[in-house]
Amino acid sequence: MERLALLSHRLEEDVERANSILEQANQIVVLTGAGVSAESGIPTFRGRGGLWRSRRPEELATPEAFEESPELVWEWYQWRRRLIAECSPNAGHQALARLALKKDGVTLITQNVDGLHSRAAQTEAKALNIPDAQAAFPLEVHGAINRDRCSLCDRLTDAVSHFQLGPPQCNDCGGPLRPDVVWFGESLDPIIIGAAQEAALRADVCLVVGTSALVHPAAGLPSMTLRAGGLLIEVNLEATTLTNQAAVSLQGRSASLLPRVIKA
Ligand code: BJW
Ligand code: ZN
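Criteria and thresholds
- Residues numbered from 1 in each chain as written.
- Chains lettered and ligands numbered in written order.
- Predicted model: local features only at pLDDT ≥ 70, side-chain atom pairs only at ≥ 80, totals over all residues.
- Heavy atoms only, no water.
- Helix = DSSP H or I, 4+ residues; strand = E, 2+ residues; numbered from the N terminus.
- Buried < 20%, exposed > 50% of the residue type's maximum accessible area, 1.4 Å probe, protein only.
- Salt bridge = Lys/Arg side-chain N within 4 Å of Asp/Glu carboxyl O.
- Phe/Tyr/Trp six-rings, centres within 6.5 Å; stacked < 30°, edge-to-face > 60°.
- Lys NZ or Arg CZ within 6 Å of the ring centre and 35° of its normal.
- Core = buried A, V, L, I, M, F, W, Y, C linked by side-chain atoms within 4.5 Å.
- Contact = heavy atoms within 4.5 Å.
- Pairing = 2+ DSSP bridges.
- Axes fitted to C-alpha atoms, helices over the stretch in contact; angles between N-to-C directions.
- Donors = N, O, S within 2.8 Å, 3.2 Å for Na, K, Ca; no water.
- Near = heavy atom within 4 Å.
- Polar contact = N/O pair within 3.5 Å; in protein donor to acceptor, adjacent residues only side chain to side chain.
- Nonpolar A, V, L, I, M, F, W, Y, C, P; charged D, E, K, R; others polar.

A. Representation of unusual backbone geometry in the model. With an omega of 5 degrees, the peptide bond running from His216 to Pro217 counts as cis. Not every positive phi belongs to a glycine, and Asn129 is a case in point at roughly 60 degrees. Relative to the helices and strands, Asn129 is located in the loop between helix 7 (116-127) and strand 3 (139-140). You can call Asn129 exposed: its relative accessible area is 71%. Positive phi is not limited to glycine here, since Asp154 has a value of about 70 degrees. As for its position among the elements, Asp154 is in the loop between strand 4 (143-150) and strand 5 (156-158).

Now the structure itself:
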């Protein structure tokens with residue numbers, strides 16, 4: 001019992017420390033991963049619940065898998081689109097949106113493709129009477145699941161929700177449509193990852209939330225802030241490769257910790 005009280009006192013102190021570091025910072029970069037959306041009901045990629053029909057994401061999120069079995073890969077994405085459509089942003093997304101809307105110099109970067117940060121940005125901007133939610137829209141370094149892209153001509157379209165005869169095709173050139181996300185072995189959009197890297201380099205603080213920090217180049221962003229002399233704050237259920245480098249490491253659920261770390 002005493003040990004539990006001590007631990008919770010320590011967590012409270014760490015929350016306070018993280019809060020004061022963020023309040024004093026001029027430039028903040030926030031990097032989020034699947035853990036932020038986990039409490040909205042969207043499964044993470046690795047660890048418990050990260051599998052789909054006993055397949056690992058590494059087997060499905062590749063151009064090779066799409067070439068070999070487009071039906072299977074599309075089935076996975078359609079399943080995820082349906083799941084995401086039923087989910088809402090949680091208190092973690094909302095706290096981050098408020099931070100970006102109310103404080104200058106905040107850049108949100110997400111590896112998530114679910115669009116929940118943007119949805120939170122819109123509702124929080126409305127609640128705060130801020131006409132433009134732009135400041136809280138994240139740089140989506142791995143794309144957006146609700147957009148389709150033609151594999152041949154790169155034409156972008158809104159997601160097709162119902163397939164009639166097999167995988168969908170481009171209306172312009174007939175090429176195979178795919179979700180507009182970044183698979184393993186594919187390059188990230190140079191403008192988006194470039195903007196993310198610039199923000200990481202000029203940040204006083206990088207707040208890393210709910211990512212295993214294993215997938216590059218996004219996983220390298222916190223180290224860029226550190227090497228440039230900035231600090232790291234981590235929020236995660238578990239320890240990661242970044243934990244030892246963090247000025248403050250908060251172990252727990254992002255939806256409960258973020259609103260406490262971001263008080264204003
Ligand atoms: C909670 C929580 C709660 C849970 N509260 N926390 C350098 C070194 C080694 C390899 C490479 C390298 N550079 C490039 C590579 C190759 C590769 C790579 O990184 N491989 C590594 C895995 C080894 N990278 C690429 O291929 C990238 N392309 C590229 O670099 O192009 C140039 C190039 C090509 C070829 C060779 C070399 C260079 C592209 C990567 C694209 C990743 N795409 C995916 C799928 C997106 C589409 C989709 O969603 O379908 O992106 S994979 C998947 O992983 C997805 C995620 O965005 C990404 C990261 O996952 P994330 O968010 O960290 O989730 P999890 O599940 O791993 O972790 C969840 C965390 O949350 C855990 O820590 C939990 O504890 C925590 N958590 N609940 C708080 N409630
Ligand atoms: Zn096309």
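Once you've had a look at it, read on.
B. Layout of the pattern of salt bridges. As enumerated under the stated definition, the model contains 13 salt bridges in all. One salt bridge in this structure joins Glu39 and Arg253, with 2.8 Å as the shortest N-O distance. Here the residue Glu39 occupies a position in the loop between helix 2 (34-38) and helix 3 (57-60), and Arg253 occupies one in the loop between strand 9 (248-251) and helix 10 (254-261), the gap between them amounting to 214 residues. Residue classification places Arg253 among the partly exposed residues on the basis of a relative accessible area of 46%. Salt-bridge contacts for Glu59 lead to Arg56; the nearest nitrogen and oxygen are separated by 3.9 Å. Here Arg56 falls in the partly exposed class, since its relative accessible area comes to 45%. Beyond isolated ion pairs, a larger network of salt bridges with shared partners links Arg147, Arg149, Asp154 and Asp180.

C. Highlighting the packing of aromatic side chains. For the structure on display, the rule yields three aromatic pairs. Ring centres 5.3 Å apart and planes at 40 degrees place the aromatic pair Phe66 and Trp183 in the tilted group. Remark: Trp183 occurs in the loop between strand 6 (177-181) and helix 8 (190-202) and Phe66 occurs in helix 4 (residues 63-68); sequence separation between them is 117 residues. An aromatic cluster of three or more residues is present, and its members are Phe66, Trp76, Tyr77 and Trp183. Just above the ring of Trp76 sits the side chain of Arg80; from NZ or CZ to the centre is 4.4 Å. In this structure, Arg178 packs its charged tip against the face of Trp183, placed 3.8 Å from the ring centre.

D. Local environment of the nonpolar core. Within the largest apolar cluster, 32 residues are counted, with the highest numbers of intra-cluster contacts made by Leu22, Val30, Leu207, Ile233, Leu250, Leu258 and Ile262. In this structure, Ile233 is in contact with Ala18, Ile21, Leu22, Val205, Cys206, Leu207, Val208 and Val248, ignoring residues within four places of it in sequence.

E. Main features of the sheet that holds strand 5. Overall, antiparallel pairing links the three strands, which are arranged 5-4-6 in an open sheet. This sheet does not close on itself; its edge strands, each paired only once, are strand 5 and strand 6. This sheet shows a mean twist of 45 degrees between the axes of neighbouring strands, independent of strand direction. Pairing analysis gives five bridges linking strand 4 to strand 6, with the strands arranged antiparallel. From the neighbouring strand, Asp148 faces strand 6, where its bridge partner is Pro179. Relative to the sheet, helix 5 (residues 70-85) contacts strand 4 and strand 6, its axis offset from that of strand 4 by approximately 140 degrees.

F. Quick look at the coordination of the zinc ion (ligand 2). The zinc ion (ligand 2) binds to the protein through Cys150 (SG), Cys153 (SG), Cys170 (SG) and Cys173 (SG); the donor distances cover 2.2 to 2.4 Å. Donor residues for the zinc ion (ligand 2), ordered by position in the chain, follow C-x2-C-x16-C-x2-C. Using a relative accessible area of 0% as the deciding quantity, one classes Cys150 as buried. Overall, Cys153 belongs to the partly exposed group, its relative accessible area being 36%.

G. Seen up close, the site of ligand 1. As a matter of local geometry, ligand 1 sits amid 35 residues, with Arg46, Tyr77, Arg80, Thr211 and Ser212 nearest to it. Measuring from an oxygen atom of ligand 1, one finds a side-chain N or O atom of Arg80 at 2.6 Å. At a separation of 3.0 Å, an oxygen atom of ligand 1 approaches a polar backbone atom of Gln111. Of all the elements in the fold, those that place two or more residues in the shell around ligand 1 are helix 2 and helix 5. Among the residues forming the shell around ligand 1, the class breakdown is 15 nonpolar, 14 polar and six charged.

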